[in-house]
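Topology and contacts: notes
Residue-level listing of the chains:
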Amino acid sequence: MNAKHLLAELTRARESLQAAQLLQEKELLADAVSRSYYAVMHAARAALLAHDTIAESHAAVRRLFVEVMVLPGRIEKKFKYHLVPCHIIHGPDPVAGLKSRSTRLS
């Protein structure tokens, strides 16, 4: 395990989550969702690095997370769904239903 890379991924995850929270507060929901996705992606990469597994792409992170973390029972199966891109679950715009409530005209 490369502790330096693992800590870098955890830092990126934390920063992405903080950015998502700030964007949500400003009601920039599509960008908040994007940053949230990256927070999860970086946290998953860190988990893989802790098990000496390197993933070079988002698809590889999703596949390897299931293989290395979920199937062996290191993490609950429900968490594998957090790595599925939002557009697969919700359609092209995951916050489409929220925009009408949050759009400001001023």
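A brief structural summary. The residue count restarts for each chain, going from 1 along the sequence in the order it is written. At least 70 in pLDDT is required for a residue's local features to be given in this predicted model, at least 80 for side-chain atom pairs to be given and counted, and no such filter applies to totals for whole chains, interfaces and linings, which use all residues. Here the side-chain values reflect all heavy atoms present in the structure, with hydrogen atoms and water set aside.

A short note on the nonpolar core
Selection criterion: Only buried residues count toward a nonpolar core. Its members are Ala, Val, Leu, Ile, Met, Phe, Trp, Tyr and Cys residues joined through side-chain atoms within 4.5 Å. Using a 1.4 Å probe on the protein chains alone, a residue whose accessible area is under 20% of its type maximum counts as buried, one over 50% counts as exposed, and one in between counts as partly exposed. In this description a helix means any DSSP run of H or I spanning at least four residues, a strand means any run of E spanning at least two, and both kinds are numbered starting from the N terminus.
Grouped together as the largest cluster of nonpolar side chains are 13 residues, with contacts concentrated most on Leu-48, Ala-55, Val-61 and Phe-65. Here the element with the most residues in this core is helix H3 (residues 58–70); it accounts for 7 residues.

Considerations on the packing of helix H1 (residues 3–25) against helix H2 (residues 29–50)
To be explicit about the condition: As a rule, the C-alpha atoms of each element are fitted with a line to give its axis, helices using only the stretch in contact, and angles between N-to-C directions run from 0 to 180 degrees. Should an angle fall under 35 degrees it is called roughly parallel, over 145 degrees roughly antiparallel, and 65 to 115 degrees roughly perpendicular, with every other angle called oblique. If you view the pair so one helix is near and one far, a crossing is left-handed when the near helix is turned anticlockwise from the far one by less than a right angle, and right-handed when it is turned clockwise.
Where H1 contacts H2, the two axes come as close as 8 Å, and the packing angle between them is 165°. Here H2 runs roughly antiparallel to H1, going by the angle between their axes. By crossing handedness, the relation of H1 to H2 is classed as left-handed.

Brief notes about the packing of H2 against H3
Cut-off, in case you're wondering: Here a residue-residue contact requires only that any non-hydrogen atoms of the pair lie within 4.5 Å.
Contact geometry of H2 with H3 gives a least axis separation of 10 Å together with a crossing angle of 50°. Between H2 and H3, the interaxial angle falls into the category oblique. Regarding H2 and H3, the two cross each other, and that crossing is left-handed. The segment H2 lies against H3, with Tyr-37, Tyr-38, Met-41, Ala-44, Arg-45, Ala-47 and Leu-48 engaging His-58, Val-61, Arg-62, Leu-64, Phe-65, Val-68 and Met-69.

Take it as geometry only, folks, not as evidence of what the structure does.
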